[in-house]
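# Chain and residue survey
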Amino acid sequence: MSQQVTQEILSELESLRLIDPHTHINPLSAASETLADIMGYHYYTELAHSAGLAKEKIEEPGISPKEKVGRLIPWLATIENTAQYSWLLEMCKVFFDFEDDRITEANWEGLYDKSLTKMQADGWEKQVLETSGLDQVYLTNDFDDPLTGFDTNFYVPCLRTDDLVFHLTKPEVRARLNKCTGADAADAKSLRGAIGQLFTHFKANNVRACAISLPPDFSPEKVSDAVADDVVSKAFSGKELSECEHKSLSCFVFWTLAEFCVEHQLPFDLMIGVNRRVFEAGVFQGQDLYDKRVSLIQYKALFNAFPQVTFPVSVLSETSNQELVSYSWIFPNVVTNGHWWYSNIPVFIEKDTRARLQAVPQTKQIGYYSDMYKLEFALPKFAMYRRILARALAQDFVVDRGWSVEKAVELGKLVLRGNVEKIFGGIG
Amino acid sequence: MSQQVTQEILSELESLRLIDPHTHINPLSAASETLADIMGYHYYTELAHSAGLAKEKIEEPGISPKEKVGRLIPWLATIENTAQYSWLLEMCKVFFDFEDDRITEANWEGLYDKSLTKMQADGWEKQVLETSGLDQVYLTNDFDDPLTGFDTNFYVPCLRTDDLVFHLTKPEVRARLNKCTGADAADAKSLRGAIGQLFTHFKANNVRACAISLPPDFSPEKVSDAVADDVVSKAFSGKELSECEHKSLSCFVFWTLAEFCVEHQLPFDLMIGVNRRVFEAGVFQGQDLYDKRVSLIQYKALFNAFPQVTFPVSVLSETSNQELVSYSWIFPNVVTNGHWWYSNIPVFIEKDTRARLQAVPQTKQIGYYSDMYKLEFALPKFAMYRRILARALAQDFVVDRGWSVEKAVELGKLVLRGNVEKIFGGIG
Amino acid sequence: MSQQVTQEILSELESLRLIDPHTHINPLSAASETLADIMGYHYYTELAHSAGLAKEKIEEPGISPKEKVGRLIPWLATIENTAQYSWLLEMCKVFFDFEDDRITEANWEGLYDKSLTKMQADGWEKQVLETSGLDQVYLTNDFDDPLTGFDTNFYVPCLRTDDLVFHLTKPEVRARLNKCTGADAADAKSLRGAIGQLFTHFKANNVRACAISLPPDFSPEKVSDAVADDVVSKAFSGKELSECEHKSLSCFVFWTLAEFCVEHQLPFDLMIGVNRRVFEAGVFQGQDLYDKRVSLIQYKALFNAFPQVTFPVSVLSETSNQELVSYSWIFPNVVTNGHWWYSNIPVFIEKDTRARLQAVPQTKQIGYYSDMYKLEFALPKFAMYRRILARALAQDFVVDRGWSVEKAVELGKLVLRGNVEKIFGGIG
Ligand SMILES: [Zn+2]
Ligand SMILES: [Zn+2]
Ligand SMILES: [Zn+2]
């Protein structure tokens, strides 16, 4: 029975058009131009590298897209078990009429050429969006992004703030900040002013969220004015900061961001738990990992200090999911947000989804975002999520709690789309 | 096949009468008087608050029970996905003949009035107990509870000791202690004497366990007499204690409790992992959360020092369940105890139950307690647990290991009731 | 449908002959001689002890094997729910024609006698190996093991190094090292030389891996020559080491082992997360537990410094499995290795297996090892794993991803055997 119910729910969910509330799409080049844009995604290069393909082969300067794909192909045999590979296969089937069950050294060239023709045709971007049912795609924008040249009602800006919080001691980051604000930050007050300008610029361009990824040992707290002045001055005069001063600087900037989120009524996406550059010999974007020893208790001061700001929280480790569920159950300003990166794998999504559906108010759950770099990925990723969601709704709600299919579908739609609109704002 | 087996096992388990080994029932007012007693349970107020209902609305002084319920009703729509809501619905259906699938602004008044009539009828408490199949209900008693006015064979006292271990620096706690023991504790020896008096009083009133909830950073150890004398004297003379001295004081009192558990042959319930008042703007009883970074290794010294004391251990985070399984598998004096609070959600109960059934001696598992504040909650909570237990027994034992249904039921009954009697003592 | 597919996959997997890549078999006495060898396994003694059997009863000097078994039998009733008991029952059924569903005080003597006859018959060891389908059994050898008297192509040596890394401050360990190397280590250089000799000796005897178990707080790093000289000299002159010096000594030896793994092209098995002697009053081998607060980030320096060494990693806590999956997904030299000890329980194996199959390159997963002390245990333990693996393949690959049964079986065989040969080297 459960299987048939799953199917019924799934087809309803499949008819729903989507908003993707977190991606890394470049709105000026949103769709893939060759298969290398798809297979060059770090999920494939890092897995192939992990399975044995040399980094130099993958990242050799000047190789053609086709050559790059050709070098990756033999390694697909080692990763065809992975969920990541299943996305690739689904993209090739849906978008490029690929009909085999494996992409191999024997059949890849045909696939490459066929896909190239499709991607080079006029309107490929539109076609991908249509096939994928996407109504809106949220971006990840550097603080100095001009936000021009695209429709911000479709490709919605989000202000990404990692550089501001963690890299202000790098001269190039300060230079970028000074340049785009036309100011010369030198102390806490002028830095706050500069940050305020960023918010104004983004707000004028339909920004829907401030966002940041955070290392496991970060614990935001309010910094006194005196300390803030001291560390900002030091940083902006190019002096070396101690580890402790560095933390104060990060805390000051972070706290300031939260204050501007209040002022501009913006949600603040927290993506908690990543350690950067753990494997420095890894491929591009394939160097980051994590330390699961992190707790949301580290955000106690923040969640208490900013009741007016909604914090959509993503956690990197599945061992953090129950904390996320519990904190969202208690704090009005904490909501669950998608299935991030190393937790974006069916077995984890399944358990995490069930826990959220069973214990967090249904209005406080953002079901999924694709985190994609190229448009084609939304389709297989959302498809994976929808299947898991449908099964959870069928088993835990229709079978176990006697819900009607309609009611289960209603819940699924809320989590998949309704809450995205409510929390970030609807379609322009 | 598995589904039918589950059903067979479930009906057997449903015929079993229950002992509820941990509740917060007030024996002088055990059953609810209005629907506000049920919907005022912090599980509902905190979820409604989290979903957007203002605390001031919920906790406005002087509002009538009906007014309170009326204010909560519109928010039920936001939490009807939760397991907590499913308990509410099941209570209304079983106890108040409610027949709809949702409690709404349209139908709640009828429900309120009907339930009021039922609850005001003579013998409501008895009726709830009968419908719920409860043979015994364990309490949570303050150390200065007179334990009078009720049948301690039915409402069984447990000595709750959080105040003694963590709050002796508060003048009002010391005053309560002095008052109820008629003594004037001033040093380690006299404090020990006072605590001994509490045990004697409770023991004379059929106490079945000493109990405490513990923060994630607590790690009990024996404190030297000199240090104990020092910190107790300081505390009882009203002096400020350093953080370190505070820990010593807590350790001394905790260790003393364990010593009296030896003397009085009492199990010592440990509920491990809660941080109090994390969200201070939260509703009554809806302010506590946790830090999952806790390990049972913190209790190594305790478990080794008190082989004569049985420690029924509850853990707040599901990430602690495997440690609990492993420690119960190795330590003769550690037993698994129920599914506590943020882990009392089907998806967690399911996994935790399966792990315990698969790896802990069957005689060392206390399946479930309701943690209820009002009698009506035992029914839906135990029902939820029983369904999960029946499914685990069907799948993991009957289907996977070829057990007979009888044998599986036997195991279920042991875990649901037999062990409670063996570990805490049977019915007077 | 899923059940039938599981069955099809399972029978294919059951036809596969096995290599067991980690055991504690004594090759000079590999099979059991009496039922006491089987029931004396710490999994039974510690569970019986935990359920109430006194350690003195179990470990009384001079009791006969039959007496020992007789004392354990009554306690089986308390642990027949456990997975560990299910292995016992399966061994008795398969090897000793036991036909009842429970081993009881009424039927055990017949079982004992019948099994004795079987075990005393000529060729019992061969028969067990044949029934179990074992082609090769990897050992755990002390560093001073002469490695003589057995066929190292069948019973394959692995150099176990816990003593070297953690116990060099014990005079008896240093004496054993000096004796077997014929040298007199006194400083970093001579100690390195002695360790090199061990590798040469093992390499000459078909060693396939260096192996070690590690406590949760261990974090290997390179130690400077000066510090190494200092702490080694101190240790070998019998002086007391500070905690910090002790760590440096451990790090130096550990790092040296990794260097020799490069030189001799050996995988380095890391078994991460055990605390030894947590319960000192426990039975033999039943005293160890763990602290789940451990992260693979602690091995960042190691994994980066030794790209040439393959590290098959086992984790003790299920909360570490996702980290293991993620680190194996990123680091080319990290592979997942089996289901260790407290995680070798169906509910954990199931989730951990699914996660690995879904996100780690299929060539980087060693499915299972028995960890057995006596040959008879490989059969039920691998059988347990195979059933779980078959179900995961059926559900997640055939049903959910539309794989053919053949392809799923191929993946199963790779994980069960192919990768073992590829990572450790095939059959001589
Ligand atoms: Zn992202
Ligand atoms: Zn309680
Ligand atoms: Zn081992």
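Only a predicted model underlies this, so the values are computations on that prediction, with no experimental measurement involved.

## Focus: the overall build of chain A
When helices and strands are counted, chain A shows 18 helices and eleven strands. Taken over C-alpha atoms, the radius of gyration comes to 22 Å for chain A, in line with the 22 Å a tight globule of 428 residues would show. Expressed along its principal axes, the backbone C-alpha trace of chain A runs to roughly 65 × 60 × 40 Å. Buried residues in chain A amount to 63% of all 428 residues. Sequence-distant contacts, at least 24 apart, represent 76% of the contacts inside chain A between residues at least 6 apart. Accessible area of chain A: about 14900 Å², with a carbon and sulfur share of 50%. Distance between charge centroids for chain A: 3 Å, based on 43 positive and 58 negative side chains.

## Some points on the pairing of strand E5 (residues 209-214) of chain B
Residue and element names in this part refer to chain B. The buried fraction of E5 is high, at six of six residues. The alternating pattern of E5 places Ala-209, Ala-211 and Ser-213 and Cys-210, Ile-212 and Leu-214 on opposite faces, both of which are buried. Pairing of strand E4 (residues 158-160) with E5 involves three bridges; the strand directions are parallel. The residue of E5 that forms the bridge with Cys-158 is Ala-209.

## Describing the domain arrangement of chain A
Residues and elements named next belong to chain A. Here chain A is described as being made up of domain 1 (32-124) and domain 2 (130-424). Centre-to-centre separation of domain 1 and domain 2, based on C-alpha positions: 29 Å. Of the residues lining the interface, 21 residues belong to domain 1; the matching set on domain 2 comes to 26 residues. Taken together, the two surfaces of domain 1 and domain 2 that pack against each other cover about 2000 Å², and 64% of this comes from carbon and sulfur. Among the residues of domain 1 in contact with domain 2, Tyr-41, His-42 and Trp-87 are the three that bury the most area, contributing 28% of the side total. Applying the counting rule to domain 1 against domain 2 returns one salt bridge. Of the charged contacts in the structure, one is a salt bridge between Glu-90 and Arg-387, with a shortest N-O distance of 3.2 Å. Applying the counting rule to domain 1 against domain 2 returns seven residue pairs in polar contact (both at pLDDT 80 or more). If you list the elements that add at least two residues to the side of domain 1 that touches domain 2, you get helix H2 (35-39), helix H3 (42-51), helix H4 (55-59) and helix H6 (83-96). Counting residues per element, the side of domain 1 that touches domain 2 draws most heavily on H6, which supplies seven residues. Looking at the side of domain 1 that touches domain 2 residue by residue, the class counts come to eleven nonpolar, five polar and five charged.

## Brief notes about the sheet that holds strand E10 (residues 334-337) of chain A
Residues and elements named next belong to chain A. With parallel pairing, six strands are arranged side by side in an open sheet as E4-E5-E6-E9-E10-E11. In this open sheet, the two edge strands, each paired with only one partner strand, are strand E4 (158-160) and strand E11 (365-366). Two strands pair when backbone bridges link them, and strand E6 (residues 268-272) and strand E9 (residues 311-315) are joined in this way by three bridges, in the parallel orientation. Each residue of the ladder has a partner; that of Ile-272, found in E9, is Val-315.

## What to know about the sheet that holds strand E2 (residues 134-138) of chain B
Adjacent strands of a sheet pair through backbone hydrogen bonds, lying either parallel or antiparallel. Residue and element names in this part refer to chain B. Here three strands make up an open sheet; going across it, the order is E1-E2-E3 and the pairing parallel. The open sheet terminates on both sides in strands that have one partner only, identified here as strand E1 (18-20) and strand E3 (155-156). As paired elements, E1 and E2 share three bridges and run parallel to each other. For Asp-20, the partnering residue across the bridge sits in E2 and is Val-137. Each of E1, E2 and E3 is contacted by helix H8 (residues 124-132), which is oriented at about 110 degrees to E2, the strand it contacts most. Packing against the sheet, helix H18 (residues 405-424) makes contact with E1 and E2, and its axis sits at approximately 55 degrees to E1.

## Notes on unusual backbone geometry
In this structure, Gln-265 of chain A is a non-glycine residue whose phi angle is positive, near 50 degrees. Tracing the chain through its elements places Gln-265 of chain A in the loop between helix H13 (243-264) and E6. With relative accessibility at 71%, the residue Gln-265 of chain A sits in the exposed group. Even without a glycine there, the phi angle at Asp-97 of chain C is positive, about 55 degrees. Here Asp-97 of chain C shows up in the loop between helix H6 (83-96) and helix H7 (108-120).

## Describing the coordination of the zinc ion (ligand 2)
Here the zinc ion (ligand 2) is held by the protein donor atoms His-22 of chain B (NE2), His-24 of chain B (NE2) and Asp-371 of chain B (OD), which lie 2.0 to 2.1 Å from it. Counting along the primary sequence, the residues that act as donors to the zinc ion (ligand 2) give the motif H-x1-H-x346-D.

## Here's the deal with the relation of the copies chain A and chain C
The transform that puts chain A on chain C rotates by 120 degrees and translates by 0.0 Å along the axis, for an RMSD of 0.0 Å. Read as a symmetry element, the transformation amounts to a three-fold axis.

## Notes on the side chain of Gln-136 of chain B
Residues and elements named next belong to chain B. Here Gln-136 lies in strand E2. Gln-136 sits in the buried class, given a relative accessible area of 0%. Within the structure, the side chain of Gln-136 is placed 2.9 Å from the backbone oxygen of Asn-153, a separation counted as a polar contact.

## With respect to the packing of helix H1 (residues 2-14) of chain A against helix H17 (residues 378-399) of chain A
Residue and element names in this part refer to chain A. Taken N-terminus to C-terminus, the directions of H1 and H17 make an angle of 130 degrees; their axes are 8 Å apart at the nearest point. Relative to H17, the element H1 lies oblique. The handedness of the crossing between H1 and H17 comes out as right-handed. For the pair H1 and H17, the contacting residues are Ser-2, Val-5, Thr-6, Ile-9, Leu-10, Leu-13 and Glu-14 in the first and Arg-386, Arg-387, Leu-389, Ala-390, Arg-391, Leu-393, Ala-394, Gln-395, Val-398 and Val-399 in the second. Partitioned by chemical class, the residues of the contact of H1 with H17 number ten nonpolar, three polar and four charged.

## What to know about the coordination of the zinc ion (ligand 3)
Residue and element names in this part refer to chain C. Note on the zinc ion (ligand 3): its protein donors are His-22 (NE2), His-24 (NE2) and Asp-371 (OD). The metal-donor distances range over 2.0 to 2.1 Å. Written as a sequence motif, the donor arrangement for the zinc ion (ligand 3) is H-x1-H-x346-D. Of the two residues, His-22 is situated in the loop between strand E1 (18-20) and helix H2 (35-39) and Asp-371 in the loop between strand E11 (365-366) and helix H17 (378-399); the sequence distance between them amounts to 349 residues. Summarising the burial analysis for this pair, His-22 and Asp-371 share the class buried.

## Points about the relation of the copies chain A and chain B
Note on the identical chains: chain A maps onto chain B by a rotation of 120 degrees and an axial translation of 0.0 Å, with an RMSD of 0.0 Å. Little of the interface of chain A is mirrored in chain B, where only 10% of its interface residues again form contacts.

## Concerning helix H3 (residues 42-51) of chain B
Three or four residues apart is the spacing at which side chains of an α-helix point the same way, because the helix has 3.6 residues per turn. Residues and elements named next belong to chain B. Within H3, ten of the ten residues are buried, leaving the element largely enclosed by the surrounding structure. For H3, the complete set of buried residues consists of His-42, Tyr-43, Tyr-44, Thr-45, Glu-46, Leu-47, Ala-48, His-49, Ser-50 and Ala-51. Positive backbone phi, at 135 degrees, marks Gly-52, one or two positions downstream of H3.

## Overview of empty space enclosed by the protein
Taken as a whole, this structure holds nine cavities of 30 Å³ or more when the rule is applied. As a volume, the largest cavity reaches approximately 90 Å³. Lys-292, Arg-293 and Thr-319 of chain A, Lys-292, Arg-293 and Thr-319 of chain B together with Lys-292, Arg-293 and Thr-319 of chain C are the residues that line the largest cavity. Broken down by class, the residue content of the lining of the largest cavity amounts to no nonpolar, three polar and six charged.

## Examining a negative patch on the surface
A contiguous patch of negative charge on the surface is contributed by Asp-187, Asp-225, Asp-229 and Asp-230 of chain B. Of the residues examined, Asp-187 of chain B reaches a relative accessible area of 30% and is grouped as partly exposed.

## Quick notes on the pairing of strand E5 (residues 209-214) of chain C
With five bridges connecting them, E5 of chain C and strand E6 (residues 268-272) of chain C associate as parallel partners. Residue Ser-213 of chain C lies in a different strand from E6 of chain C, and its bridge partner there is Met-271 of chain C.

## Considerations on the nonpolar core
In this structure, Leu-270 of chain A, Leu-270 of chain B together with Leu-270 of chain C are the most contacted members of the largest nonpolar core, which totals 462 residues. Once you skip the residues sitting within four places of it in the chain, Leu-270 of chain C turns out to touch Ile-212, Leu-214, Phe-254, Tyr-299, Leu-302, Phe-303, Phe-311, Pro-312, Val-313 and Ser-314 of chain C.

Quick notes on the rules
Residues numbered from 1 in each chain as written. Chains lettered and ligands numbered in written order. Predicted model: local features only at pLDDT ≥ 70, side-chain atom pairs only at ≥ 80, totals over all residues. Heavy atoms only, no water. Helix = DSSP H or I, 4+ residues; strand = E, 2+ residues; numbered from the N terminus. Rg over C-alpha atoms; globule rule 2.2 N^0.38 Å. Buried < 20%, exposed > 50% of the residue type's maximum accessible area, 1.4 Å probe, protein only. Contact = heavy atoms within 4.5 Å. Areas by Shrake-Rupley, 256 points an atom, 1.4 Å probe, with all protein chains shown as cover. Lys, Arg positive; Asp, Glu negative; His and termini not counted. Charge placed at Lys NZ, Arg CZ, Asp CG, Glu CD. Pairing = 2+ DSSP bridges. Domains from an automatic or database assignment. Buried area = accessible area lost by both parts, 1.4 Å probe. Salt bridge = Lys/Arg side-chain N within 4 Å of Asp/Glu carboxyl O. Polar contact = N/O pair within 3.5 Å; in protein donor to acceptor, adjacent residues only side chain to side chain. Nonpolar A, V, L, I, M, F, W, Y, C, P; charged D, E, K, R; others polar. Axes fitted to C-alpha atoms, helices over the stretch in contact; angles between N-to-C directions. Donors = N, O, S within 2.8 Å, 3.2 Å for Na, K, Ca; no water. Least-squares fit on C-alpha atoms with pLDDT ≥ 70 in both. Parallel < 35°, antiparallel > 145°, perpendicular 65-115°, else oblique. Left-handed = near helix turned anticlockwise from the far one by under 90°. 1 Å grid on protein atoms, 1.4 Å probe; cavity = no way out; pocket = protein on both sides within 12 Å on 5 of 7 lines; lining within 4 Å. Points joined across faces, edges and corners; volume = space filled by probe spheres on them. Patch = residues over 30% accessible without salt bridge, like charges linked within 9 Å, V, L, I, M, F, W, Y side chains within 5 Å. Core = buried A, V, L, I, M, F, W, Y, C linked by side-chain atoms within 4.5 Å.

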